[in-house]
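# Structure assessment
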Amino acid sequence: MLATPATIRTLQRKLYAKAKREPAYRFYALYDKVSREDILSHAWRLVRSNGGSPGIDGIGFGAIEHGEGVDRLLRELARDLQAKNYRAQPVRRVMIPKADGSLRPLGIPTIRDRVVQMAVKLVIEPIFEAGFCPNSYGFRPRKSAHDAVDDIANTLWAGHTQVIDADLSRCFDSIPHAKLLVVVAERIVDGGILALIKQWLKAPVIGEDESGTRKAVGGGQGSSRGTPQGGVSTP
């Protein structure tokens, strides 16, 4: 587990405290934080520690570290973000076998995009974290499925005997973009942040047919639903 630098923790604590104290407050000055050197550097370390395959550009971690260099990548990202010239690249789709024999589509953004997504996550996560219920475990810091199982076990030992198991069919594939952005805007009205999120929602998804030919299989400006499962920002 990578330790979060003190400067970032201070920012996150302030954002969390403000969001917790004022549930109706809408944050408007966040975009400039995303391009901070400490945030982009920590975002890279987190993405690097997660590993994963290259995106549609075929550029892996080794190619960056031994090629252009991490420092140059982060400087270029900071420059593009500050000038608002950053553009999300298409997402690479791969099919992952499931236990029942079916296939689950996984979307792999480029490493460059994963770093920016992680930087945004570092900034906005504390704001939404302040509004979650204590017994919500999905995609939250310092919470896991194991914690949820322990909570269920403790509840059973306390005398409760009924469990409701439900699943949303194709949840990530059916998320409506417009409604999602409206919900995000209930807490964040920074146009720069909202524009980044919209870019990731609208990024073209590129797959391969049986002959290995690349083709668009989803996403794009015309899409109104879904987000590729596999990106940092998706949850």
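Check the entry above for the structure.
Treat the numbers as computed from the prediction; the structure is a model and nothing was measured. (Residues numbered from 1 in each chain as written. Predicted model: local features only at pLDDT ≥ 70, side-chain atom pairs only at ≥ 80, totals over all residues. Heavy atoms only, no water.)

A complete count under the given rule lists eleven salt bridges for this structure. Across the pair Arg72 and Glu76 runs a salt bridge, and its minimum N-O distance is 3.0 Å. Here Arg72 pairs with Glu76, and both are found in helix α5 (residues 70-82), just four residues apart, close to one helical turn. Its salt-bridge partner being Asp173, residue Arg170 comes within 3.1 Å of it at the nearest N-O pair. (Salt bridge = Lys/Arg side-chain N within 4 Å of Asp/Glu carboxyl O. Helix = DSSP H or I, 4+ residues; strand = E, 2+ residues; numbered from the N terminus.)

Before going further, it helps to examine helix α6 (residues 111-129). Relative to the 27 Å expected for 19 residues at 1.5 Å per residue, α6 spans 25 Å between its end C-alpha atoms, a close match to the ideal helical length. With respect to burial, α6 is a largely interior element, 16 of its 19 residues being buried. (Expected span 1.5 Å × (residues − 1). Buried < 20%, exposed > 50% of the residue type's maximum accessible area, 1.4 Å probe, protein only.)

How two helices pack is summed up by the angle between their axes together with the distance between the axes. Look at helix α3 (residues 37-50) against α6: their axes get within 8 Å of each other, and the N-to-C directions meet at 120 degrees. In terms of their interaxial angle, α3 and α6 are classed as oblique. As α3 packs across α6, the resulting crossing turns out to be right-handed. Every residue of α6 that contacts α3 at Ile39, Leu40, His42, Ala43, Trp44, Leu46, Val47 and Asn50 is listed here: Ile111, Arg114, Val115, Met118, Ala119, Leu122 and Val123. (Axes fitted to C-alpha atoms, helices over the stretch in contact; angles between N-to-C directions. Parallel < 35°, antiparallel > 145°, perpendicular 65-115°, else oblique. Left-handed = near helix turned anticlockwise from the far one by under 90°. Contact = heavy atoms within 4.5 Å.)

All right, on to the pairing of strand β4 (residues 214-218) then. Bridge count between strand β3 (residues 205-208) and β4: four bridges; the pairing is antiparallel. Bridged to Val205 within β4 is Gly218. Adjacent in sequence and paired antiparallel, β3 and β4 are bridged by five residues, among which Gly212 carries a positive phi angle near 90 degrees. (Pairing = 2+ DSSP bridges.)

As a further point, take the pairing of strand β2 (residues 103-108). In summary, the side chains of a regular strand alternate between the two faces of the sheet. By the bridge criterion, six bridges tie strand β1 (residues 91-97) to β2 in an arrangement that is antiparallel. Counted as the bridge partner of Met95 is Pro105 from β2. Connecting β1 to the next strand, β2, in antiparallel fashion are five residues, including Gly101 with a positive phi near 95 degrees.

Between helix α9 (residues 177-184) and helix α10 (residues 191-202), the least distance of the axes is 11 Å, while the angle of their chain directions is 155 degrees. Judged by the inter-axis angle, α9 sits roughly antiparallel to α10. Considering the relative orientation of α9 and α10, their crossing is right-handed. In contact with His177, Leu180, Leu181 and Val184 of α9, α10 contributes Leu194, Ile197, Lys198, Leu201 and Lys202.

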